[in-house]
Amino acid sequence: MGFTTDQIHAGVTPDPVTGSILTPIYQSTTYVQPSVDEYLSRGFSYSRTANPTVKALEAKLTELEGCAATAAFSTGMAAIHATLVAFLSAGDHAIISDVAYGGTYRLCTQVLTRFGVEFTFADTSKPEEVKAAVRDNTKMILTETPANPTMKCTDLAAISEIARAAGAVHAVDNTFLTPYFQRPLELGADLVVYSTTKYMDGHNATVGGAVVSKTAELDEKVRFIQNSTGSIMSPQVAWLTLQGIKTLSIRMDRQSANAMAIAKFLEAHPKVAQVAYPGLESFSQHELASRQATGYGAMLWFEVKGGLDAGKILMDNVKLWSLAENLGSVESLITHPVTMTHAAVEKAERDRVGIIDGLVRLSVGLEDAEDLIAALDDALKLVP
Ligand SMILES: *Cc1c(COP(=O)(O)O)cnc(C)c1O
């Protein structure tokens, strides 16, 4: 079946008791067992370990991703935390994309280093730099592509090969493109992590996460951490995410088309200094982005001439675009990563990796492209 058919039907069947076409929200802590000898015969014991609504979402993601198993988490950060903790112990080393979600950087530098795990933040867009960073104790490579917020892309097949040679696990944060546009497991990765908060939900309604595993063995390790730390997704969030995913491909197609139109508008605007969108031919890694994914997504950034001061005038005055964190929703959002999503990254590190002060990030939504462009055009008129 095609992706759009699967996103609607995979993993869910009408409720056998009532015929309810949607998987019910199983709001229950515990599950009564038929007898001591039949403990777990129906698959559920306690909702920190497994829940039927969450399980339906996991089954859908497993089928969409074409993987062995999926574990759904309370947030994207809980999913990333479980991924790192499942495969890293004191004395181990991990290589992380030097441009990544700000929370990932904070988790590594301010939490996991306290437990004796070492990290190298490498420019994963340069495979030779990753290769050079590999040590005897390297157990994991975590990449994010396109990366939040600079849109830097990483060649997933090349990094998977380096990980395999090093005996390390390659995990990919695929939040920006989803399995509809980019399929890391087919490019050699072992694990894929998601903030389902973003495109999977798509409606600014929940926070959630998922870890998709290539093999049952990997999934078992992740699930052990999930159960031990108590970071499973709640049934209501799973139910909302199940509904969101049914329109994922349609939203991604339309939001990407909107993003392309907006990127072209900004590129031609005299008050705009630079625009970065993987779909533009001017994007430095356009060839890689075109080769490794089937779409460019709906995230982009630009800088207004005049830098941060000019950018603030735009962000504070633009209509229709909401100034907010989050991305991937039907509502278009405008974000200043330096003060918002990436405030946990020190200025020197931001400067080193290209998160410039004037960087304005756009999460392009599902509104009419003409309206989104007109709103940006009006706001740019206010910039001197
Ligand atoms: C938002 C985001 C996360 C963190 O997810 P939460 O659901 O907010 O915990 C991780 N990675 C990327 C790329 C993100 O955009």
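The following refers to the structure shown. Because the structure is a prediction, the values reported are computed rather than measured.

1. Some words on the sheet that holds strand S11 (residues 333-335)
Think of a sheet as strands paired side by side through backbone hydrogen bonds, with each pair either parallel or antiparallel.
Working step 1: Reading across the sheet, the five strands line up as S8-S9-S12-S11-S10 and stay open at both edges, with mixed pairing between neighbours. Looking along the sheet, the strands with just one partner apiece sit at the ends: strand S8 (272-276) and strand S10 (322-323).
Working step 2: In this structure, S10 lies alongside S11, joined through two bridges in parallel fashion. Counterpart to Ser 322 in the pairing with S11 is Leu 333.
Working step 3: Sheet contacts for helix H10 (residues 248-267): S8, strand S9 (299-304) and strand S12 (360-363); angle to S9, the most-contacted strand, approximately 15°.

2. Regarding the pattern of salt bridges
Working step 1: In the structure shown here, the tally under the stated rule is 17 salt bridges.
Working step 2: Note that Arg 183 and Glu 186 form a salt bridge whose closest N and O atoms lie 2.9 Å from each other.
Working step 3: A relative accessible area of 23% places Arg 183 in the partly exposed class.
Working step 4: Shared partners join several salt bridges into a network, and the residues in it are Asp 98, Asp 123, Lys 126, Lys 152, Glu 349 and Arg 352.

3. A look at the site of the ligand
Working step 1: Taken together, 15 residues surround the ligand, and among them Met 77, Asp 173, Ser 195, Thr 197 and Lys 198 come closest.
Working step 2: Within the side chain of Asp 173, a nitrogen or oxygen atom sits 2.6 Å from a nitrogen atom of the ligand.
Working step 3: Within the side chain of Ser 195, an N or O atom sits 2.8 Å from an oxygen atom of the ligand.
Working step 4: Protein chains shield 93% of the accessible area of the ligand, which is 380 Å² for the free molecule.
Working step 5: The element that contributes the greatest number of residues to the shell around the ligand is helix H3 (residues 76-87), accounting for three residues.

What counts, and where the lines are drawn
- For every chain, the first residue of the written sequence is number 1, and numbering continues from 1 along that sequence.
- Where local features are concerned, this predicted model is filtered to residues with pLDDT of at least 70; where side-chain atom pairs are given and counted, the filter is 80 or more; whole-chain, interface and lining totals use all residues.
- To obtain the side-chain values, all non-hydrogen atoms of the structure were included, while hydrogens and water were left out.
- Criterion used throughout: strands pair if DSSP finds at least two bridges between them.
- Counting from the N terminus, the helices are the DSSP runs of H or I reaching at least four residues and the strands are the DSSP runs of E reaching at least two.
- Residue contacts are counted whenever heavy atoms from the two residues lie within 4.5 Å of one another.
- Helix axes are fitted to C-alpha atoms over the stretch in contact, other axes to C-alpha atoms as well, and angles between N-to-C directions run from 0 to 180 degrees.
- Salt bridge, as used here, is a side-chain nitrogen of Lys or Arg placed within 4 Å of a carboxyl oxygen of Asp or Glu.
- Between buried and exposed lies partly exposed: a residue is buried under 20% and exposed over 50% of the maximum accessible area for its type, with that area taken using a 1.4 Å probe on protein chains only.
- The criterion for a residue being near a molecule or strand is simple. One of its heavy atoms has to lie within 4 Å of it.
- N or O atoms closer than or at 3.5 Å make up a polar contact, with two conditions inside protein: a donor-capable atom paired with an acceptor-capable one, and, for residues adjacent in sequence, both atoms drawn from side chains.
- All accessible areas in this document rest on Shrake-Rupley with a 1.4 Å probe, and a residue is counted as covered only by the protein chains that are shown.

Such coordinate-based values are descriptive only and should not be taken to indicate function.
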